[in-house]
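# Commentary on secondary and tertiary structure
What follows is each chain in one-letter form.
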Amino acid sequence: MSSHFTVCFQHPDFIVIDKPEGISVHKDNEATGLTERIALQLSVPQVWLVHRLDKATSGLLILALTKEAAVEFYHLFKQHKIQKTYWALSTAKPKKKQGKIVGDMKKSRNSAWKLCHTKENPAITQFTSQSVAPQLRWFTLNPHTGRTHQLRVAMKSLGSPILGDSLYGGEKADRLYLHAYQLEFEYQNTHFCIQTPPTSGLIWQKIYQNTL
């Protein structure tokens with residue numbers, strides 16, 4: 001497995017990488033985990049994970065380069081001061097083209113989660129969508145909370161499971177079509193807006209090349 005990650009942005013206190021799909025942010029069964037591999041790549045003793053992406057999700061991931069920065073990012077995420085934008089594709093038309101999905105999330109079966117009608121401590125996702133081809137819609141998702149599988153569950157609740165998401169009823173594909181496209185935040189009085197489009201996935205490549 002290639003040990004080289006694409007660094008989208010580098011700051012003295014943190015870096016932002018483009019995490020490929022299929023790589024866990026946790027160690028899993030790999031001999032060296034993601035954080036160790038990045039520390040090796042940067043020739044630094046340690047990097048700190050300050051948030052997570054599902055193994056199957058690609059896109060922007062912040063890693064702190066100092067313990068102080070790790071603490072600061074922890075608070076920024078906890079206070080929802082980091083705006084995240086994801087892209088997703090689905091072959092199913094949603095119940096509504098745009099809006100907000102709000103509801104509590106409860107554990108279901110087979111490691112899946114489900115969205116409930118209750119709103120005691122709800123997961124909140126804002127979304128818009130547009131048609132890019134017959135039976136293919138492009139979703140822009142803005143989660144206001146950070147729950148496990150939140151976007152995958154939100155999309156299923158719309159009747160538009162993500163393409164390639166077998167756990168939530170999505171159509172089979174070469175990957176899970178969910179990508180962390182943009183991060184926007186203030187860090188030490190400086191505004192950052194970092195973007196990276198997805199680089200893997202046959203359908204995304206076809207969209208970019210207008211060959212659908």
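Above this text is the structure in question.
Note that the coordinates shown come from a computational prediction; the quantities given were computed from them, not determined experimentally. Each residue is numbered by its place in its chain's sequence as written, counting from 1. Whole-chain, interface and lining totals are the exception, using all residues; otherwise, since this is a predicted model, local features are given only for residues with pLDDT of at least 70 and side-chain atom pairs are given and counted only at 80 or more. Only hydrogens and water are set aside; all other atoms, that is, all heavy atoms of the structure, feed into the side-chain values.

### Describing the pairing of strand S12 (residues 190-195)
The sheet contact formed by strand S11 (residues 178-187) and S12 spans 6 bridges and is antiparallel. Opposite Phe185, over in S12, you have Phe192 as the bridge partner. Between S11 and the antiparallel strand that follows it, S12, lie 2 residues; Gln188 among them carries a positive phi value of about 50 degrees. For two strands to be treated as a pair, DSSP must find at least two bridges joining them. Counting from the N terminus, the helices are DSSP H or I runs at least four residues long and the strands are E runs at least two residues long.

### Overview of the packing of aromatic side chains
When the centres of two rings from Phe, Tyr and Trp lie within 6.5 Å, Trp using its six-membered ring, the rings pair. Their planes under 30 degrees apart give stacked, over 60 give edge-to-face, and anything left gives tilted. Across all of its chains, the model carries 13 aromatic pairs by this definition. Judged by centre distance (6.0 Å) and plane angle (25 degrees), the ring pair of Phe9 and Phe14 falls under stacked. Ring centres of Phe73 and Phe185 lie 5.6 Å apart, and the angle between their planes is 75 degrees; on these two criteria the pair is classed as edge-to-face. Remark: Phe185 occurs in strand S11 and Phe73 occurs in helix H2 (residues 67-78); sequence separation between them is 112 residues. Taken together, Phe9, Phe14, Phe73, Phe185, Tyr187 and Phe192 form an aromatic cluster joined through their ring pairs. The ring centre of Tyr177 lies 5.8 Å from the NZ or CZ of Arg175, which sits over that ring. Two conditions define a charge located above a ring, namely a distance within 6 Å from the ring centre to NZ of Lys or CZ of Arg, and an angle within 35 degrees of the ring normal.

### Description of empty space enclosed by the protein
Rolled over the atoms, a probe as big as a water molecule pinpoints where empty space is left. With a 1 Å grid spanning the protein atoms alone, the term cavity applies to any set of points in which a 1.4 Å probe fits but cannot get out, the term pocket to an open set with protein on both sides within 12 Å along at least five of seven lines, and the term lining residue to any residue with an atom within 4 Å of a point. Grid points are joined across faces, edges and corners, and a volume is the space filled by probe spheres set on the points. Scanning all chains against the criterion turns up 1 cavity of 30 Å³ or more. Each pocket or cavity is described by its volume, and for the largest cavity that value is around 50 Å³. Along the walls of the largest cavity sit His51, Leu53, Leu60, Lys84, Thr85, Tyr86, Ala180, Tyr181, Gln182 and Leu183, which together make up its complete lining. Only strand S5 (83-90) and S11 provide two or more residues apiece to the lining of the largest cavity.

### A closer look at unusual backbone geometry
For Gln135, which is not a glycine, the phi torsion comes out positive at approximately 60 degrees. Relative accessible area decides the class of each residue, using a 1.4 Å probe on protein chains only: under 20% of the type maximum gives buried, over 50% gives exposed, and in between gives partly exposed. The exposure class of Gln135 is exposed, given its relative accessible area of 63%. Not every positive phi belongs to a glycine, and Asn210 is a case in point at roughly 55 degrees. As for its position among the elements, Asn210 is in the segment after helix H4 (202-208).

### Quick look at the pattern of salt bridges
Where side chains of opposite charge bring their charged atoms close, a pairing between them can arise. Here, a salt bridge means any Lys or Arg side-chain nitrogen found within 4 Å of an Asp or Glu carboxyl oxygen. A full pass over the atoms with the stated rule returns 3 salt bridges. Across the pair Arg175 and Glu21 runs a salt bridge whose closest N-O atoms are separated by 3.7 Å. With a gap of 154 residues between them, Arg175 in the loop between helix H3 (150-157) and S11 and Glu21 in the loop between strand S2 (14-19) and helix H1 (34-42) connect regions that are remote in the sequence. Exposure remark for Glu21: the relative accessible area of 28% places this residue in the partly exposed category.

### A closer look at the pairing of S2
Among the 6 residues that make up S2, 6 are buried, leaving the element largely enclosed by the rest of the structure. Burial along S2 is two-sided: Phe14, Val16 and Asp18 facing one way and Ile15, Ile17 and Lys19 facing the other are all buried. The pairing of strand S1 (residues 6-10) with S2 spans 4 bridges and is antiparallel. Opposite Thr6, over in S2, you have Asp18 as the bridge partner. Between the end of S1 and the start of S2, which pair antiparallel, lie 3 residues. Bridging between S2 and strand S4 (residues 58-64) involves 6 bridges; their strand directions are antiparallel. The residue of S4 that forms the bridge with Val16 is Ile62.

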